[in-house]
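# Structural overview
Chain residues, written in single-letter form:
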Amino acid sequence: MLTDRRTSALRLSGAVLAAGLIAGITSPASAAGDPTPLKYVALGDSVAGGIGAGPSRDSVNGCFADEAETRRIANHSAAYPVRVASALKANLDFQAYCGANVRAVKNTQLRTLSKATDLVTVQVGANDFGYAKVLEKCVKGAFGSVWECNWNIDRITLQYRFNLPGRLDGLYKEINERKGKNTRVIVVGYPRIVAPDSTACLNDGVMPRSTHQRMTRAATALNATLKAEALEKGFDFVDPTPSFKGHEVCGDPAWVNGIKWPYLVDSFHPNTAGHRALGWLVWQKVKPA
């Protein structure tokens, strides 16, 4: 839980706030005990930005709202950082954006992080080696064979294991340098997109069992790296995997979008229910005792 000078602002009903996060309803509780709102900075990529929580109708070219790639599509109001900030009555500095990788977070999103920041969530790493493009090609059959699709997923899995740690190390070190002594940092992992076994479901492109297994290994490797680097730097880690089990694409109910036409950018991202779950998981880390 948060333990800095604003703890009194969080002396709210845990039961009411938890119910609000799950239902997507904000709590009416007042933070009158401390008039200064918490300062919350949300860093990361499209998942952190809530892409997929509702139709990205402003998407013209993937993460961009124009062909020239000068305007990124908007973050969604149902994203988990918005839910968490609302529950905490915090001022949200929503820096995450669609398409961000570790370098982008380090170079463009850290500028407002300071000693006065109370809470940081960071969810980044999935985009660093082109995983989204690989999945798009797998779904479209652009690789020409299942073997080639699987080989490319395996290649990225190895990069998550061996190349991503160094990138995260630099980012997390800078976060530590910028934040205050009492700033809480929470690294958020990624849900598995599909179940390990094939479901023969149109929403995931009827990908075979072998591809499902490769995607599961990629998600496992990504989260293992995120967790190891986070704990090494003294950050907390949220692993969505157990909560999302059975709620992958084609799950009942699904908390992750399947293939979304014509707005492909929303594909394989948590939907509204998925962001409620992510908000709940982060809330477990920051709620008052």
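All values derive from a computational prediction rather than experimental measurement.

### Structural notes on the overall build of the protein chain
- Across its full length, the protein chain carries 9 helices and 5 strands.
- Listed N to C, the secondary structure of the protein chain is α-β-α-β-α-β-α-α-α-β-α-β-α-α in terms of helices and strands.
- Here the protein chain holds 289 residues, and the buried ones make up 53% of them.
- Residue pairs at least 24 apart in sequence account for 74% of intrachain contacts in the protein chain once pairs closer than 6 positions are excluded.

### So, the pairing of strand 2 (residues 91–94)
- Strand direction decides the pairing type here: strand 1 (residues 39–44) and strand 2, joined by 4 bridges, are parallel. Bridge assignment links Val41 to a residue of strand 2, and that residue is Asp93.
- Between strand 1 and its parallel partner strand 2, the chain crosses via helix 2 (residues 80–88), and the hand of that crossover is right-handed.

### Remarks on the layout of surface pockets
- Taken as a whole, the largest pocket encloses approximately 1,100 Å³ of empty space.
- Lining the largest pocket are 44 residues, and of these Asn127, Ala132, Lys133, Val265 and His269 lie nearest its centre.
- With 7 residues, helix 4 (residues 131–140) is the largest single contributor of residues to the lining of the largest pocket.

### As for the packing of helix 6 (residues 164–178) against helix 7 (residues 209–232)
- Helix 7 packs onto helix 6 with a crossing angle of 35° between their chain directions and a minimal axis gap of 10 Å. By crossing handedness, the relation of helix 6 to helix 7 is classed as right-handed. Residues Leu164, Pro165, Leu168, Asp169 and Tyr172 of helix 6 pack against Leu222, Thr225, Leu226, Glu229, Ala230 and Glu232 of helix 7.
- Class assignment for the residues of the contact of helix 6 with helix 7 results in 7 nonpolar, 1 polar and 3 charged.

### A closer look at the nonpolar core
- Core analysis: the biggest nonpolar cluster contains 69 residues, and Tyr131, Ile153, Tyr160, Leu171, Tyr172, Ile175 and Ile193 have the highest contact counts within it.
- Leave out the neighbours within four places in its chain, and Leu171 touches Val102, Val105, Lys106, Leu110, Val122 and Val124.

### Some words on the environment of Leu88
- Along the chain, the position of Leu88 falls in helix 2.
- In sequence terms Leu88 and Lys287 are 199 residues apart; their C-alpha atoms lie 8.4 Å from each other.

### Some thoughts on the sheet that holds strand 3 (residues 119–123)
- The 5 strands lie next to each other as 2-1-3-4-5, forming an open sheet whose pairing is parallel. Each edge of the open sheet is held by one strand with a lone partner, namely strand 2 and strand 5 (236–238). Direction aside, the axes of adjacent strands within the sheet are offset by 20° on average.
- Sheet topology note: the strand 1/strand 3 ladder contains 5 bridges and is parallel. Bridged to Leu43 within strand 3 is Val122.
- Of the strands in this sheet, strand 4 (184–188) and strand 5 touch helix 7, which is tilted by about 160° from strand 5.
- Along the sheet, helix 9 (residues 272–286) contacts strand 3, strand 4 and strand 5; its crossing angle with strand 4, the most-contacted strand, is approximately 150°.

### Some thoughts on helix 7
- Between its terminal C-alpha atoms helix 7 stretches 35 Å, which fits the 34 Å expected from 24 residues at 1.5 Å a residue.
- Looking one or two places after helix 7, you find Gly234, whose phi comes out positive at around 85°.

### Focus: the packing of aromatic side chains
- The full count for this structure, using the stated rule, is 4 aromatic pairs.
- Aromatic side chains Tyr172 and Phe235 sit 5.4 Å apart centroid to centroid with 70° between the ring planes, which places their arrangement in the edge-to-face category. Residue Tyr172 is located in helix 6, and its partner Phe235 is located in the loop between helix 7 and strand 5; the two are separated by 63 residues in the primary sequence. For the pair Tyr172 and Phe235, a shared accessibility class is recorded, and that class is buried.
- Taken together through their ring pairs, the aromatic side chains of Phe129, Tyr131 and Tyr160 make up a single cluster.

### A look at the pattern of salt bridges
- Tallying each qualifying case throughout the model produces 10 salt bridges.
- A salt bridge links Glu232 to Lys233; the nearest nitrogen and oxygen atoms lie 3.5 Å apart.
- Looking at Glu232, the relative accessible area reads 57%, which means it is exposed.

So, how was this worked out
Residues numbered from 1 in each chain as written. Predicted model: local features only at pLDDT ≥ 70, side-chain atom pairs only at ≥ 80, totals over all residues. Heavy atoms only, no water. Helix = DSSP H or I, 4+ residues; strand = E, 2+ residues; numbered from the N terminus. Buried < 20%, exposed > 50% of the residue type's maximum accessible area, 1.4 Å probe, protein only. Contact = heavy atoms within 4.5 Å. Pairing = 2+ DSSP bridges. Right-handed = clockwise from strand over helix to strand, strands pointing away. 1 Å grid on protein atoms, 1.4 Å probe; cavity = no way out; pocket = protein on both sides within 12 Å on 5 of 7 lines; lining within 4 Å. Points joined across faces, edges and corners; volume = space filled by probe spheres on them. Axes fitted to C-alpha atoms, helices over the stretch in contact; angles between N-to-C directions. Left-handed = near helix turned anticlockwise from the far one by under 90°. Nonpolar A, V, L, I, M, F, W, Y, C, P; charged D, E, K, R; others polar. Core = buried A, V, L, I, M, F, W, Y, C linked by side-chain atoms within 4.5 Å. Expected span 1.5 Å × (residues − 1). Phe/Tyr/Trp six-rings, centres within 6.5 Å; stacked < 30°, edge-to-face > 60°. Salt bridge = Lys/Arg side-chain N within 4 Å of Asp/Glu carboxyl O.

All quantities given are derived from atomic positions and should not be read as evidence of function.
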